[in-house]
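# Examination of the molecular architecture
Take a look at the letters that make up each chain.
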Amino acid sequence: MVGYIGLDTRRFRAMRVIAGKYRGRPLRSLHGKDTRPTSDRLRETLFNVLTAGNPAALEGSVWLDLFAGTGAVGIEALSRGAKQVFFVETSALATKVIEQNLESLKIADGYRILRDDLSGVLWHLQREHIAADVVFLDPPYQMQDAYERSLTALADSSLVWAMSLVIAEHDKRFNPGAEFGSLRRVRKLLQGNSALSFYRIGGSPDLNE
């Protein structure tokens, strides 16, 4: 999940790595009204979709974990063989939790933590000619305008290419949008009170829309 953690909310809540190299290892989070880590169950569903029964499906992949919060999604990707994860987070407290989680798992490379807003991150990574295989974004559910801004910026970015998959986690009652330039929603998955919208450049529209 995502940043903007209250300064007076420092109690940790338990999470875990679902599968891969660090399977079952605990992850730290922080309580707070603006803190909603992607649940273990939803994370498991997400990675089941991405791997489709092939445990090696994510090996060598490059990830952009936006509004990274605790870093749970990006760490799950590293556990399953991702080559590089860029954790993007503006909150100092959330960034500290990401660092603590990586340190506790003794992950020393294969990642970068970028404490900057999306426009700054896109500018820097485009200059490095980075191309992401998977982009995951999970703004605080109440920041509904962040979805349109982020998806529009990604659609115009060279970081997202024909084979990239962009995934937005959101409240199931909120529709982040079906199309942003050439970036189109190809699937929507509901689980509990949350939903995952999957986008591709030039993808065929979801027939279930």
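Use the structure listed above.
Structural notes, computed from the coordinates.

## Overview of the nonpolar core
Nonpolar side chains in soluble globular proteins generally cluster together in the buried interior. Leu-46, Phe-47, Leu-50, Trp-63, Ile-75, Phe-87 and Ile-167 are the most contacted members of the largest nonpolar core, which totals 30 residues. Listed by contribution, the elements that provide at least two residues to this core are helix H1 (40-51), helix H2 (72-79), strand E4 (84-88), helix H3 (92-104), strand E6 (132-137), strand E7 (160-171) and strand E10 (194-201). The biggest single contributor to this core is H2, with five residues. The next biggest cluster of nonpolar side chains, apart from the first, holds 29 residues, and it includes Leu-114, Leu-122, Val-166 and Ala-168.

## Things to note about the environment of Val-186
Mapped onto the elements, Val-186 comes out in strand E9 (residues 183-191). Residue class for Val-186 comes out partly exposed when judged on its relative accessible area of 25%. For Val-186 and Gly-202, which are 16 residues apart along the polypeptide, the C-alpha to C-alpha distance reads 9.6 Å.

## Topic: the packing of aromatic side chains
The tally for this structure, following the rule as stated, stands at four aromatic pairs. Between Phe-87 and Tyr-111, the ring centres sit 6.3 Å apart and the planes meet at 70 degrees, which makes this aromatic pair edge-to-face. One end of the pair, Phe-87, is in strand E4; the other, Tyr-111, is in strand E5 (residues 111-114), with 24 residues separating them in the sequence. A centroid spacing of 6.0 Å and a plane angle of 65 degrees characterise the contact between Phe-180 and Tyr-199, whose relative ring orientation is edge-to-face. Placement of Phe-180 in strand E8 (residues 179-180) and of Tyr-199 in strand E10 is noted, with a sequence separation of 19 residues between them. Residue Phe-180 is classed as buried on the basis of its relative accessible area of 9%. For Arg-187, the ring lying beneath its charged end belongs to Phe-198, and the centroid distance is 5.9 Å.

Rules of the game
- Residues numbered from 1 in each chain as written.
- Predicted model: local features only at pLDDT ≥ 70, side-chain atom pairs only at ≥ 80, totals over all residues.
- Heavy atoms only, no water.
- Core = buried A, V, L, I, M, F, W, Y, C linked by side-chain atoms within 4.5 Å.
- Buried < 20%, exposed > 50% of the residue type's maximum accessible area, 1.4 Å probe, protein only.
- Helix = DSSP H or I, 4+ residues; strand = E, 2+ residues; numbered from the N terminus.
- Phe/Tyr/Trp six-rings, centres within 6.5 Å; stacked < 30°, edge-to-face > 60°.
- Lys NZ or Arg CZ within 6 Å of the ring centre and 35° of its normal.

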